[in-house]
Amino acid sequence: MTREQAAAEIATLDAQLRQANEEYHNLDAPTISDADYDAMKRRLAWLEAAFPDLASSDSATGQVGATPGSGFGKITHARRMMSLENAFAEDEVTDFVTRIRGFLNLPADAPLDFTAEPKIDGLSLSLRYEDGQLVQAATRGDGAVGENVTANARTIADIPQTLMGDAPRIVEIRGEVYMSHDDFAALNAGDSGRTFANPRNAAAGSLRQLDPAITAARPLKFFAYSWGELGAPLADTQMGAVRRMAAMGFKTNPLTRLCRDAAQMVATWREIEQQRATLGYDIDGVVYKVDDLAYQDRLGFRSTTPRWALAHKFPAETAWTRLNGIDIQVGRTGALSPVARLEPVTVGGVVVSNATLHNEDYIAGRDSTGAPIREGRDIRVGDWVKVYRAGDVIPKIADTDLSRRAADSQPYVFPEICPECGSAAVREPGDSVRRCTGGLICPAQAIEKLKHFVSRAAFDIEGLGAKQIEMFFADDLLPIREPAQIFTLAQRDAANLGKLKNRDGFGDRSTRKLFEAIEEKRRIPLARLIFALGIRHVGEVAATTLARHFGTWQAMIAALDAAAPAAERHLRAEEAVARERAEAAEQGRRARLKESRDLVWSADPPVPAQARAAWDDLVSIDGIGEVLAGSLVTAFAQPNERGGINRLMAQLDPLPAEVASSDQTEITGKTLVFTGTLEKMTRAEAKARAEAMGAKVAGSVSAKTDLLIAGPGAGSKAKKAEDLGITVIDEDEWLRIAGR
Ligand code: IVH
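Residues numbered from 1 in each chain as written. Predicted model: local features only at pLDDT ≥ 70, side-chain atom pairs only at ≥ 80, totals over all residues. Heavy atoms only, no water.

Focus on the layout of surface pockets
By rolling a water-sized probe across the atoms, one finds the places where empty space is left.
Move 1: Roughly 1,700 Å³ of volume is contained in the second largest pocket.
Move 2: Forming the boundary of the second largest pocket are 50 residues, of which Glu428, Arg435, Arg536, Ser631 and Thr634 lie nearest the centre.
Move 3: Broken down by secondary-structure element, the contributors of at least two residues to the lining of the second largest pocket are helix H1 (3–26), strand E18 (435–436), helix H12 (443–454), helix H18 (553–587), helix H21 (626–637) and helix H22 (639–649).
Move 4: The class makeup of the residues in the lining of the second largest pocket is 17 nonpolar, 17 polar and 16 charged. (1 Å grid on protein atoms, 1.4 Å probe; cavity = no way out; pocket = protein on both sides within 12 Å on 5 of 7 lines; lining within 4 Å. Points joined across faces, edges and corners; volume = space filled by probe spheres on them. Helix = DSSP H or I, 4+ residues; strand = E, 2+ residues; numbered from the N terminus. Nonpolar A, V, L, I, M, F, W, Y, C, P; charged D, E, K, R; others polar.)

Shown next, in the form of structure tokens:
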């Protein structure tokens, strides 16, 4: 697979995962199955591991949930709420155990126990107790900030208001809110006014009610399995902590077991799977956790998942049905996504009538590398197809039955023109996605961009959501067809005869409120503004990084404009590299990638030194890779897009970004290099620790290095560091910095 193919696939997966996060966490209305979601996330993680320079720091692999919705107060978690790494195959469990032994540098005969417990398919909740009293309950939200659902949590019988026994003065207990199968069936049969797709959605919908009386009437349950901030440790082991939580008055899962090794873990997984159908509530796998809490502490966390835990998922459920048609949806970046329309079928208790078909290769029976999937069987309208889902609503198509295919069936022809605007839809070499080239003349893209612009993490304008965007987009008297027009709405309305306030759904009051809400957002935080522009690859985290780096809009624009000639050269160089790679593969020779790249960079006319410096500066920002930088600079250099941005900026007065100040350590922001042998910590642990403290770990010494940690046997790197006047410390000094 080429770098370009990987970049394209990463972008697609990233967008799909983000959308799925929003649907699942904020809308309680997922459109893809858990299994599908997991598969996409794993694929993305794999691609990012294979092409580390393409991984953006705000990749969807690093996101837990979605940013919290409005309506509830927000609570910043004292300790982030984490997600779990997933595994599907048994050998991944063995790998997990091996990896942990390696990280901790444990001899083969040293005991290493794990707990195994069901993974409850509900939603996580963090409960804060002070002096034994429940004071706060928060949903996970995006992991850092959740929603305040305290009043609702108080109505759940399994959640104690007062802790029993001798609890620490401050305790945050975390666990899963869920609904039993019986209660779910009764709720759907009753007159709650809504039919929920599955117990998880019912639990989420019930907990996230603005009126606690509604939550109280819904039969929610709670299992405790984890914790956040603690005044004092609960125990020395995970199992001990579970017992302690039970002693405080929480329900803990009775199937929790202690396992000595991978074989016992897998055996427990099988046992729990056998009980799955009769448990009376949904579980979607088994969670393994390192039992020794001192080990958990040393293992620590990756960006969103603990190294000491693994979710071993159960296989998905399947059913056969007929494929009635394929619809094409056009997204914000112009991607054409095929959606399967199915003869409704029940899969694992849920009626399914739509499924994703990913992209045209998937329909044709190939993956993005050209390798056959489903042994090369294509999918045709009229086929009998195997639908695949795990926990949630709209799944994917896993296979097609050739023996039942009609003799006159025809292969599906993927449209080469955009069904929304008629522009050409093209596939860049290496991209698995076909994209509409219409840009903003494509109504689907323009609408999706606008919806993104007003979305919660972007401008978040009260009274101007997706529904209103659709309405204004189609409005001839008072149109909103680009972001700038949002901010001229009031002025245009004043000059109009058909006033907004006289329309259905808009009164005097709501019109005034809408205009006020828009007015308020003229002073938008810089990071939100950058995110709102909807530039490919620029997600929330990258937007925040850019805002913090540049501080002001003017500084950012100046830097992007300065880098434009170099960015253009970069894109051309990458094209040349892709060509060289293809040619070399064809001719069976080694690809001369560096030469191809250098040739383009040094071609006439030369790239001005200033542009080159601006580009280097941009890509050296931690978390801004070349793909992202290329996409960003190109978007601003593109005349149509720049025109729209300029019109928008004439309306806005963005707030400069605040520079991060909390959680500073003595190595925050510094670049570290480790060399020689570390004796008391593995390299992996040292690197993880440094990164957790906000430092960057590099492989070689350069002028940018701030600190060299040299163990015994350090050679040329230590010498070079000394020559450059870089501070060199030994392992003991490092252990002091690392807090060990
Ligand atoms: S432990 C730091 N244990 O699964 C580790 N999570 O896919 C925190 N979940 O966010 C999680 N059952 O909402 C843990 N027995 C269990 C669980 C469990 C369900 C959920 C939890 C988590 C999600 C990750």
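Following the structure, the description resumes.
Thoughts on the nonpolar core
Move 1: In this structure, Ile486, Leu514, Leu529, Leu546, Trp553 and Phe636 are the most contacted members of the largest nonpolar core, which totals 68 residues.
Move 2: Of all the elements, H18 adds the most residues to this core, at nine residues.
Move 3: Non-local contacts of Phe636, meaning those with residues more than four positions away in its chain, are made with Leu533, Ile535, Trp553, Met556, Ile557, Leu560, Arg642 and Ile645. (Core = buried A, V, L, I, M, F, W, Y, C linked by side-chain atoms within 4.5 Å. Buried < 20%, exposed > 50% of the residue type's maximum accessible area, 1.4 Å probe, protein only. Contact = heavy atoms within 4.5 Å.)

Comments concerning empty space enclosed by the protein
Move 1: Applying the stated criterion across every chain yields a total of three cavities of 30 Å³ or more.
Move 2: Of the pockets and cavities examined, the largest cavity occupies roughly 210 Å³.
Move 3: Around the largest cavity sit 14 residues that line it, and Leu440, Lys449, Pro483, Leu533 and Ile645 are the ones nearest its centre.
Move 4: Mapped onto the lining of the largest cavity, the elements with two or more residues apiece are H12 and H22.

Observations regarding the sheet that holds strand E10 (residues 283–290)
Move 1: Taken together, five strands build an open sheet; the order of strands is E2-E11-E10-E3-E9 and the sheet is mixed. If you trace the sheet from one side to the other, it starts and ends with strand E2 (86–87) and strand E9 (257–259), each paired once.
Move 2: Both E10 and strand E11 (residues 309–313) contribute to a ladder of five bridges, which runs antiparallel. Looking across to E11, one finds that Gly285 is bridged to Lys313.
Move 3: The sheet contacts of helix H3 (residues 90–104) involve E2, strand E3 (114–120), E10 and E11, and relative to E11 the element is tilted by about 175°.
Move 4: Relative to E10, helix H9 (residues 262–275) is tilted by about 155°, and along the sheet it contacts E3, E9, E10 and E11. (Pairing = 2+ DSSP bridges. Axes fitted to C-alpha atoms, helices over the stretch in contact; angles between N-to-C directions.)

Side note on the packing of aromatic side chains
Move 1: The tally for this structure, following the rule as stated, stands at 14 aromatic pairs.
Move 2: When the centroid spacing of 5.8 Å and the interplanar angle of 85° are considered together, the rings of Tyr129 and Phe250 count as edge-to-face. In this pair, Tyr129 sits in strand E4 (residues 123–130) while Phe250 sits in the loop between helix H8 (238–247) and E9, placing the two residues 121 residues apart along the sequence. Taken as a pair, Tyr129 and Phe250 share a single burial class, namely buried.
Move 3: With a centroid separation of 5.6 Å and an interplanar angle of 40°, the aromatic rings of Trp269 and Phe314 are classed as tilted. (Phe/Tyr/Trp six-rings, centres within 6.5 Å; stacked < 30°, edge-to-face > 60°.)

Details of helix H19 (residues 593–602)
Move 1: By the burial criterion, the buried members of H19 are Ser596, Val600 and Trp601. Taken end-on, H19 shows its buried residues confined to a sector of 130°, consistent with a single buried face. Opposite the packed face of H19, turned more than 90 degrees from it, sit the exposed residues Lys594, Leu599 and Ser602. (Arc of directions from axis to C-beta.)

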